[in-house]
Amino acid sequence: LYLLRRKMVFLTPSMMQRTALFVTLGGLVTSLITTFLPLWKTMNSDLNEVENWYSGLWHTCLYTEEVGVQCKAYESIMGLPVDLQISRVLMLVSVGTGGLALLAAFPGLEGVAMCMGRPGLKRRLLILGGVLSWVSGLATLAPVSLVAYTTVVDFWDEGFPDVVPRWEYGEAMFSGWFGGLALAIGGTLFFVAVCMADYDQRPGSVADSPQAKHRTKHYLKTEVL
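Predicted model, so just to flag it, every value in this text is computed and none were measured. (Residues numbered from 1 in each chain as written. Predicted model: local features only at pLDDT ≥ 70, side-chain atom pairs only at ≥ 80, totals over all residues. Heavy atoms only, no water.)

Draft legend 1. Summary view of the UniProt feature "transmembrane region" (unreviewed entry) in the chain. When the UniProt feature table is mapped onto this chain numbering, "transmembrane region" (unreviewed entry) sits at residues 20-40, 89-113, 125-152 and 172-195. Secondary structure across residues 20-40 divides into 81% helix and 0% strand, with the first and last C-alpha atoms of the span separated by 28 Å. The span residues 89-113 shows a helical share of 68% and a strand share of 0%, and its end C-alpha atoms are spaced 36 Å apart. (UniProt positions renumbered as here; feature names shortened; annotations may be inferred. Helix = DSSP H or I, 4+ residues; strand = E, 2+ residues; numbered from the N terminus.)

See below:
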C-alpha cells in the first residue's frame, strides 16, 4: 500500500501532460523522418543481387556495391501513382498538424508561465493539442497503410511473370506506423490529462482535501530523503 501511494503521487495531471508532450514530439519527429526517407518500398532482383532499389515519396534510389547509393527525384508529379500523390499530401498535413499540436499544447501545460491565471484557456489549449495530435496521427497512418495495401496488391498480382521483381515493404513503412501510433497515443494522453485535472478540481474531491495534500507532501519529502 505504501509503494502504491508513492506511485500515485507522480500520477498527476502535470506529469501526464508532459508525458503526452514528449510522446507527441517523438511521433512528430518519426513522421517527419518517414516523410523524406526513400525507404518506403524496396526491390531486389534474383537475377542481379548486387542491385537494390529503394522508393520513397520524393525520389528513388539505386544501391550498387561499386558505386554506392544513387538517388533521383521524380521528374513529374502528375506522372506519379495516385497512392504516392495522396501520401505526399497527407504526410505534409501530418507534419503540419503535429507541429501545431505542440505549439497549442505547450502554453497549456501546468507550470508554464504562458496563460497563467487562466485555467480555462489552458484546458482548451490542451484539448486542441490532443485533437491536432490525433489528426496528425491519422494523417500518418492513412498514407502508410495505403502504400502498404497497394504494395501487397501489386506483389500478389498474377498478371506479372514470376521472374519480374516485386516491390516489398521498406523500413520507412514501419517507422511511419510507429510515428502515427505515437501521435495518436500522445493526443489520447492529453485528453487523459484534462480529465485528471477536471477530477482533481471537483468540489470536495479527495485530491483537494487537506488530508490528501498533507499525505502528498509527506511522500514527496520521503522520496527526496
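Draft legend 2. Expanded view of the packing of helix α2 (residues 13-36) against helix α3 (residues 82-105). Contact pair α2 / α3: the axes reach a minimum separation of 10 Å and the direction vectors enclose 155°. Considering the angle they form, α2 stands roughly antiparallel to α3. The chirality of how α2 crosses α3 is left-handed. The residues of α3 that touch α2, namely those facing Leu 21, Thr 24, Leu 25, Leu 28, Ser 31, Leu 32, Thr 34 and Thr 35, are Met 91, Ser 94, Val 95, Gly 98, Gly 99 and Leu 102. (Axes fitted to C-alpha atoms, helices over the stretch in contact; angles between N-to-C directions. Parallel < 35°, antiparallel > 145°, perpendicular 65-115°, else oblique. Left-handed = near helix turned anticlockwise from the far one by under 90°. Contact = heavy atoms within 4.5 Å.)

Draft legend 3. Structural detail: the pattern of salt bridges. By the definition in use, this model includes one salt bridge. Among the ionic pairs, Lys 72 bridges to Glu 75, the shortest N-O distance being 3.1 Å. On the basis of relative accessibility, which here comes to 72%, the residue Glu 75 falls in the exposed class. (Salt bridge = Lys/Arg side-chain N within 4 Å of Asp/Glu carboxyl O. Buried < 20%, exposed > 50% of the residue type's maximum accessible area, 1.4 Å probe, protein only.)

Draft legend 4. Spotlight on the packing of α2 against helix α5 (residues 171-200). In contact at an axis separation of 7 Å, α2 and α5 are set at 160° when each is read in the N-to-C sense. Looking at the two axes, α2 sits roughly antiparallel to α5. For the pair α2 and α5, the sense of crossing is left-handed. Counted by class, the contact of α2 with α5 contains 17 nonpolar, 13 polar and one charged residues. (Nonpolar A, V, L, I, M, F, W, Y, C, P; charged D, E, K, R; others polar.)

Draft legend 5. Representation of the pairing of strand β4 (residues 68-73) in the model. Bridging between strand β3 (residues 59-64) and β4 involves six bridges; their strand directions are antiparallel. Residue pairing for β4: His 59 is matched across the bridge by Ala 73. Remark: three residues form the turn of the hairpin made by β3 and β4, two consecutive strands paired antiparallel. (Pairing = 2+ DSSP bridges.)

Draft legend 6. Summary view of the pairing of β3. Inspection of the sheet shows strand β2 (residues 51-55) paired to β3 by five bridges, in the antiparallel sense. From the neighbouring strand, Glu 51 faces β3, where its bridge partner is Thr 64. Between the antiparallel neighbours β2 and β3 lie three residues.

Draft legend 7. Here's a closer look at the sheet that holds β4. Spatially, the five strands line up as an open sheet ordered β4-β3-β2-β1-β5, and their pairing is antiparallel. Single-partner strands in this sheet number two, and they are β4 and β5 (168-169).

Draft legend 8. Highlighting the packing of aromatic side chains. Applying the stated rule across the entire model yields four aromatic pairs. Between Phe 36 and Trp 58, the aromatic rings sit 5.9 Å apart at their centres with planes inclined by 15°, giving stacked as the arrangement. Placement of Phe 36 in helix α2 and of Trp 58 in the loop between β2 and β3 is noted, with a sequence separation of 22 residues between them. Looking at Trp 58, the relative accessible area reads 23%, which means it is partly exposed. (Phe/Tyr/Trp six-rings, centres within 6.5 Å; stacked < 30°, edge-to-face > 60°.)

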